[in-house]
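So you can see what is in the structure, the chains are spelled out below.
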Amino acid sequence: MNFLYFPNTDKDIRDMLDAVGADSLDELYSDVPAGFIYGKEFDIPSAMSEMEVRRYFDSLEERNRRLTVFCGCGAYDHYIPAVIPYITSRAEFLTAYTPYQAEISQGTLRYIFEFQSYMAELSGMDCANASMYDGATSAAEAVMMAVSASKKKRKVLVSDTLLPEVRKVLETYSRYHGINLVHIPHDGGNTSYEALRNALSEGDVAAVLVPGVNRFGIIEDLSGFSGAVHESKAFMIIYSDPLALAVIKSPREWGADIVCGEAQSLGIPLGYGGPYLGFIACSKELLRKMPGRVVGASEDMDGKRAFVLTLQAREQHIRREKATSNICSNQSLMALTATVYVSLMGLSGLRRVNDLSYGGAHYLYSKLLETGLFRNVFDRPFLNEFVLESLIPPAVLSEALLSEGYFAACETEEGYVSFCVTEKRTKEEIDGLVRAVVSAGKTEIK
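Colleague: When you look at the sheet that holds strand S2 (residues 127-128) in this model, what are you seeing that I'm missing?
Modeller: Strands in a sheet are paired, the pairing made by backbone hydrogen bonds, and the direction either parallel or antiparallel. On the basis of which strands lie adjacent, the open sheet formed by seven strands has the order S2-S10-S9-S8-S7-S3-S4 and mixed pairing. Every interior strand has two partners, whereas the edge strands, S2 and strand S4 (180-184), have only one. In the sheet, strand S3 (residues 155-159) pairs with S4 via five bridges, with the strands oriented parallel. Following the sheet pairing, Ser159 is matched in S4 by Ile184. Across the sheet, helix H8 (residues 193-201) is in contact with S3, S4 and strand S7 (205-211); its angle to S7 comes to roughly 165 degrees.

Colleague: When you look at empty space enclosed by the protein in this model, what are you seeing that I'm missing?
Modeller: Where empty space is left can be seen by rolling a probe of water-molecule size over the atoms. Across all of its chains, the model carries two cavities of 30 Å³ or more by this definition. In this structure, the largest cavity spans a volume of roughly 320 Å³. In terms of lining, the largest cavity is formed by 24 residues, of which the most central are Gly74, Tyr76, Val213, Asp241 and Glu385. Looking at the lining of the largest cavity, its residues break down into ten nonpolar, ten polar and four charged. Its volume calculated, the second largest cavity comes out at about 60 Å³. Of the residues in the lining of the second largest cavity, the class split is seven nonpolar, one polar and one charged.

Colleague: What should I look at first to understand the state of the cysteines in this one?
Modeller: As used here, a disulfide is simply a covalent bond connecting the sulfur atoms of two cysteines. Applying the stated rule across the entire model yields one disulfide. Residue Cys71 pairs covalently with Cys410 via a disulfide, S to S 2.5 Å. The sign of the S-S torsion, about 120 degrees, decides the handedness of the disulfide formed by Cys71 and Cys410: right-handed. Taken together, the residues span a long stretch of sequence, with Cys71 in the loop between strand S1 (68-69) and helix H4 (83-88) and Cys410 in strand S16 (residues 410-411) at a distance of 339 residues. With respect to class, Cys71 is no different from Cys410; both count as buried.

Colleague: Just to check I follow, could you spell out the pattern of salt bridges for this structure?
Modeller: Two side chains that carry opposite charge are able to pair once their charged atoms sit near each other. Going through the model one piece at a time under the given rule, you end up with 15 salt bridges. When the shortest N-O distance is used, the salt bridge between Arg66 and Glu61 registers 2.9 Å. For Glu61, a relative accessible area of 39% corresponds to the partly exposed category. Between Asp77 and Lys424 there is a salt bridge, with its nearest N and O atoms 3.1 Å apart. Highlighted residues: Asp77 in the loop between S1 and H4 and Lys424 in the loop between strand S17 (417-420) and helix H13 (427-444), separated in sequence by 347 residues. The class of Lys424 is partly exposed, set by a relative accessible area of 32%. Linked through salt bridges whose partners overlap, the residues forming this network are Asp77, Lys424, Arg425 and Glu429.

Colleague: Help me out: how do you make sense of the nonpolar core in this one?
Modeller: Generally speaking, nonpolar side chains in soluble globular proteins are found buried as a group. With 57 residues, the main nonpolar core has Leu157, Leu200, Val208, Leu266 and Leu277 as its most contacted residues. Among the secondary structure elements, those contributing two or more residues to this core are helix H5 (106-123), H8, S7, helix H9 (225-231), strand S8 (235-240), strand S10 (278-282) and helix H11 (332-370). Broken down by element, the residue count for this core peaks at nine residues, all from H11. Those residues within four positions of Val208 in sequence are excluded, and the remaining contacts are Leu157, Leu196, Leu200, Val229, Phe235, Met236 and Ile237. Counting 35 residues, the second-largest nonpolar core is a separate cluster that includes Ala140, Met144, Ala149 and Ile237.

Colleague: Just checking my understanding: could you explain the pairing of S7 for this structure?
Modeller: Each regular strand displays side chains that alternate between the two surfaces of the sheet. Most of S7 sits out of view: seven of its seven residues are buried. Pairing geometry for S3 and S7, over four bridges, is parallel. Paired with Lys155 across the two strands is Val205, which belongs to S7. The sheet contact formed by S7 and S8 spans five bridges and is parallel. Considered in S8, the bridge of Val210 is made with Ile238. Read from S7 through H9 to S8, the crossover connection turns out right-handed.

Colleague: Just to check I follow, could you spell out the packing of aromatic side chains for this structure?
Modeller: Any aromatic ring pair is given by two values, namely how distant the centres are and how the planes are angled relative to each other. For the coordinates displayed, the defined rule picks out twelve aromatic pairs. An angle of 80 degrees between the planes, with centres 5.2 Å apart, marks the rings of Tyr365 and Phe386 as edge-to-face. Linking Tyr365 in helix H11 with Phe386 in strand S14 (residues 385-390), this pair joins segments that are 21 residues apart in sequence. In terms of burial, Tyr365 and Phe386 fall into one category: buried. Taking 5.8 Å as the distance between ring centres and 25 degrees as the angle between the ring planes, the aromatic pair formed by Phe386 and Phe419 counts as stacked. Remark: Phe419 occurs in strand S17 and Phe386 occurs in strand S14; sequence separation between them is 33 residues. A residue is classified by how much of its surface remains accessible, and Phe386, at 2% relative accessible area, is buried.

Quick notes on the rules
Residues numbered from 1 in each chain as written. Predicted model: local features only at pLDDT ≥ 70, side-chain atom pairs only at ≥ 80, totals over all residues. Heavy atoms only, no water. Pairing = 2+ DSSP bridges. Helix = DSSP H or I, 4+ residues; strand = E, 2+ residues; numbered from the N terminus. Contact = heavy atoms within 4.5 Å. Axes fitted to C-alpha atoms, helices over the stretch in contact; angles between N-to-C directions. 1 Å grid on protein atoms, 1.4 Å probe; cavity = no way out; pocket = protein on both sides within 12 Å on 5 of 7 lines; lining within 4 Å. Points joined across faces, edges and corners; volume = space filled by probe spheres on them. Nonpolar A, V, L, I, M, F, W, Y, C, P; charged D, E, K, R; others polar. Disulfide = S-S within 2.5 Å. Buried < 20%, exposed > 50% of the residue type's maximum accessible area, 1.4 Å probe, protein only. Salt bridge = Lys/Arg side-chain N within 4 Å of Asp/Glu carboxyl O. Core = buried A, V, L, I, M, F, W, Y, C linked by side-chain atoms within 4.5 Å. Right-handed = clockwise from strand over helix to strand, strands pointing away. Phe/Tyr/Trp six-rings, centres within 6.5 Å; stacked < 30°, edge-to-face > 60°.

What follows is the structure, given as structure tokens:
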């Protein structure tokens, strides 16, 4: 059997078969049961010209429905400047995937260093790593990091106001690492301080994980949390959206030891759920417990500024039984995208994005309540996302809005509906959503 694009010649194949003592490729795979071998011709379409291929994929694209997004729940439809894909495709950033050879990887090392610097600055922490797969896995890695640093403690307190997908990933990681997760309920939409103190008083707590902005869109008030956590000799972890950190109190100001979160809001498209970008930042005392790698700035033999892999836990590769994590890679292209986005926007631009999102969200909030089809749930500050109690059944409401071209009214675990507004949404779009809600209410409520 000849494969046009395989580099091995017939002699190469013969030499390899002789080396393993097989007469043919069929004999090499003879241990595969016959029932698993596909013996028919593959149904592969005929070759197309370039124009035909383009037309074909254009026709597939036209089948997509383009919805106006009014949902958040951990992934946000922010504007992405057109210059970002241009910069991220430049050759100096497309060097070695794993930048061990610093001489040929300066572009990659440079932007990873800048990404770390931005994450450390936004979170207020001493250092950050070279990115994680997504927010949920970064939270799991942060928990394992804290448990490892706390030596023998295995209990971690987790707020119920964290996003459900983050909690589910935490449960999976914890089950196979011997970590005991204890859920802390909320009180009026904010993580319950009283419940936290009661759980801490039982002892053996390695860490506490709470969100900065929670799944209800509420900006959490974490007053007194770090004092209670540190009094119990535990670590405080805050799950954060780095875009929101441009305008709200930083995790460092709240007394966090570790910060983790999802950085999709920094110039990364929704993309049907990925790829996204997790991050971890921490105090310098925990630097050597941090998974992944750290890029540092140095000088070459000529005294010029250069970048190198400064720190990476060798246990991840050599003494794996002692490893905190098996993470040895990162979302490099996504980290580059976020770095370019923050560089372009600057602090004033990030604040402007939050200002516009805040104004749009509060306008929608008031307009929805004016319809009489919703009840307020929590009287707490929010940024660009909020929940309401709907008099229209949530499933009916979201389906009615979908039919009008709006992705909105995501149902929460409690049966509330969630709305989100970013800087992309215009007043006309918001008013159109409200009209669609009123129309759905007339149909459903008589």
